[in-house]
Amino acid sequence: MNRTIGRIGASAFGIVTNIVKLLAAVGVVVGLTLLTPGVSAQRARTVATGAPRLVVLVVMDQFTSSYIDLYSSQWTRGLRRLLDQGAIFRNAAYPYGNTVTCAGHTTMGTGALPATHGMVGNSWYDRELDQTVTCEQDPSVTPVVLGTGTTTGKHSARFMKVPTFADELRRQSTRQPNIVSIAEKPRSAIGMAGHGGPGTVVIWEGAGGAWSSSTAYTDAPWPDAAAFVRRHPTNEFYGDVWTKLLPESQYRFTDDNPAEAKPAPWTRTFPHSLQSPNGADDPAFVTTWQRSPLADAFVTDMAIDLVRSRHLGRDPGTDMLAVSLGSLDVTGHQYGPRSHEVQDVLARADQNIGRLLEALDKDVGEGNYVVAFSADHGVTRIPEDALANGEPGGRFSSLSMMAEQLLLWTLGPGKKVGLADGAQLSLTKQAMAALKANPGAEEQLVAVLKSAPGTAKVFRGADLASTAETTDPDLRAWRLSYFPGRNGDYIIVPKPGFYFGPTGTGHGSQNEADQRVPLILFGRGVRPGQYLAPATPADIAPTFAAITGVSLPMAQGRVLGEALR
Ligand SMILES: [Zn+2]
């Protein structure tokens with residue numbers, strides 16, 4: 001891996017916000033956010049005179065905030081600089097229940113919460129189509145492949161109900177800004193960028209491994225991005241070996257933890273070889289590459305390249321760069337938050353983010369740009385690892401099967417579950433009608449869901465849709481993840497430490513490990529220090545809006561004014 005890394009390149013708003021949050025919690029937020037634009041715009045005008053040349057959003061997928069406590073002594077470069085010179089919001093957390101990638105990136109991009117922006121999950125069951133749809137799928141667009149390869153992925157922001165900060169920056173600027181959003185996952189790049197338009201580049205790695213965009217964003221490949229992809233073919237890394245970056249003594253916990261998954265062809269321990277049984281152009285190799293830190297290095301290098309080719313931060317006015325590093329998520333799902341693999345991905349991200357900041361210092365100028373660093377969600381400990389260490393935990397691996405069996409038994413063959421996706425269980429129209437027609441059947445189903453050892457509570461879809469007042473914090477959180485037609489009919493609220501899946505671990509609950517993420521501001525106009533006031537990643541877009549003089553009427557987060565000069 002050293003060889004390959006070397007080759008790659010060496011509160012005036014508090015009251016309004018609280019009212020909006022309160023109203024959001026009871027499900028009537030859409031009409032009432034109209035209260036906020038005057039306030040946001042007024043604030044924005046007063047601070048826009050010192051607007052930065054470039055606003056930068058850096059996201060690490062699945063970075064739970066405890067990583068700062070556990071591993072920050074291992075960081076010396078980019079993450080270290082953010083921690084030492086940034087404004088750190090120690091109590092930042094997502095306020096909603098369905099803590100997944102699409103919801104998190106869109107919340108950072110828009111400043112709104114899922115109940116308003118509509119990207120409530122990575123996927124949901126469409127009862128009319130009788131199929132699962134993903135948050136970014138759009139059959140009306142065509143993939144635009146950059147450089148080489150092919151992909152079938154057709155993606156856009158059509159399900160996103162509000163504009164992003166990037167959309168409003170483009171709409172409200174007198175000079176057309178240059179906007180670049182890059183991520184390994186389409187839902188991440190789209191969540192940060194939004195709907196697209198002139199001067200806006202949105203890039204992701206499509207199904208099959210081809211770097212691409214879609215006709216939602218451009219009719220033809222951007223020549224500079226395509227040239228970068230051609231200069232850096234992924235399959236050049238075939239056969240390379242991922243070894244540890246840091247001296248062995250710096251890693252905490254154990255490399256060979258029996259709770260870790262063994263994603264083929266890898267074992268639980270370093271080194272990890274980048275290969276597949278079928279060769280360099282095989283999807284299994286692409287998955288292996290994505291699970292290695294090489295994917296993050298590629299995204300970082302592409303971002304640095306496009307900063308230069310697109311002159312980001314060079315002209316009067318404000319441009320935007322959004323980068324999401326995804327290796328941590330792919331690694332974390334398999335190896336868990338205490339693994340040497342996760343620590344190594346973080347140590348290498350420290351290097352990558354360092355390189356990015358150093359490039360911005362050189363090309364844009366230190367003091368001319370501002371950075372927000374955060375994550376789209378956290379992660380739960382691997383249940384077996386938690387249990388082995390005396391902490392609560394467990395798995396739901398058989399829950400959807402139990403529910404399905406019960407439906408079959410109660411209603412007869414053919415009454416299938418629409419979608420069992422993590423905490424949410426969606427029924428087909430036919431199954432729901434049959435369930436309702438059978439006296440006592442729904443109660444039985446709910447009783448089965450409640451009987452699982454990891455279930456804390458079960459909500460019905462109607463509980464989320466209701467605007468009746470509640471003091472239940474879990475119901476409030478899940479109402480912030482409710483959007484009509486896009487939620488399960490039954491929502492299982494897991495106890496802390498419980499995860500829906502047969503191996504490894506993940507996220508997607510209202511529990512602290514999934515909700516808590518870092519939130520750091522850094523650079524121009526930022527007052528460094530530790531801030532203990534409540535904050536959420538929904539505050540990033542309103543803060544960017546305030547410092548650039550952009551009005552963001554649908555935002556629900558607050559301006560992090562205490563950290564601004
Ligand atoms: Zn994610």
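Cut-offs applied
Residues numbered from 1 in each chain as written. Predicted model: local features only at pLDDT ≥ 70, side-chain atom pairs only at ≥ 80, totals over all residues. Heavy atoms only, no water. Donors = N, O, S within 2.8 Å, 3.2 Å for Na, K, Ca; no water. Tetrahedral: all angles 85-135°; square planar, octahedral: opposite > 155°, others 65-115°. Helix = DSSP H or I, 4+ residues; strand = E, 2+ residues; numbered from the N terminus. Axes fitted to C-alpha atoms, helices over the stretch in contact; angles between N-to-C directions. Parallel < 35°, antiparallel > 145°, perpendicular 65-115°, else oblique. Contact = heavy atoms within 4.5 Å. Left-handed = near helix turned anticlockwise from the far one by under 90°. Nonpolar A, V, L, I, M, F, W, Y, C, P; charged D, E, K, R; others polar. Core = buried A, V, L, I, M, F, W, Y, C linked by side-chain atoms within 4.5 Å. Buried < 20%, exposed > 50% of the residue type's maximum accessible area, 1.4 Å probe, protein only.

> Tell me about the coordination of the zinc ion, and please be specific about residues and values.
Asp61 (OD), Thr101 (OG1), Asp376 (OD) and His377 (NE2) make up the full set of protein donors to the zinc ion, lying at 2.0 to 2.1 Å. If you look at the zinc ion, its four donor atoms make angles of 96 to 141 degrees with each other, and the shape they trace is irregular. Within one chain, the residues donating to the zinc ion are spaced in sequence as D-x39-T-x274-D-H. One end of the pair, Thr101, is in helix α7 (residues 101–110); the other, Asp376, is in the loop between β12 (369–374) and α16 (383–388), and 275 residues separate them in sequence.

> Explain the packing of helix α6 (residues 78–85) against helix α15 (residues 340–365) to me, using residue names and the numbers behind them.
Close contact between α6 and α15 brings their axes to 5 Å; oriented N to C, the two are set at 70 degrees. Considering the angle they form, α6 stands roughly perpendicular to α15. In contact with Gly78, Leu79, Arg80, Arg81 and Leu82 of α6, α15 contributes Leu346, Asp350, Ile353, Gly354, Leu357, Glu358 and Asp361.

> Quick rundown of the packing of helix α11 (residues 223–231) against helix α13 (residues 294–309)? Include the residues and the values.
When two helices pack together, their arrangement is given by the angle between their axes and by how far apart the axes lie. α13 packs onto α11 with a crossing angle of 140 degrees between their chain directions and a minimal axis gap of 10 Å. In terms of axis orientation, α11 runs oblique to α13. Crossing of α11 against α13: the hand is right-handed. Counting all contacts with α11, which are made through Asp224, Ala225, Phe228, Val229 and Arg231, the residues of α13 involved are Phe298, Asp301, Met302, Asp305, Leu306 and Ser309. Residues that form the contact of α11 with α13 fall into these classes: six nonpolar, one polar and four charged.

> Tell me about the nonpolar core, residues and numbers included.
Counting residues in each nonpolar core, the largest one holds 123 residues, and the members touching the most others are Leu57, Phe63, Phe89, Phe165, Met320, Leu321 and Phe544. With 10 residues, α15 is the largest single contributor of residues to this core. The residues touching Phe89, leaving out its near neighbours within four places in the chain, are Leu519, Leu521, Tyr531, Ala533, Ala535, Arg558, Leu560, Glu562 and Ala563. Of all hydrophobic cores here, the second largest spans 26 residues; its members include Leu407, Met432, Leu435 and Phe500.

> Tell me what's going on with the environment of Ala93, and back it up with residues and numbers.
Looking at the element boundaries, Ala93 is found in the loop between β2 (87–89) and α7. Overall, Ala93 belongs to the buried group, its relative accessible area being 17%. Between the C-alpha atom of Ala93 and that of His377, which follows or precedes it by 284 residues, the distance is 8.5 Å. Discounting chain neighbours no more than four positions away, the residues touching Ala93 are Gln515, Arg516, Val517, Ala535, Thr536 and Pro537.

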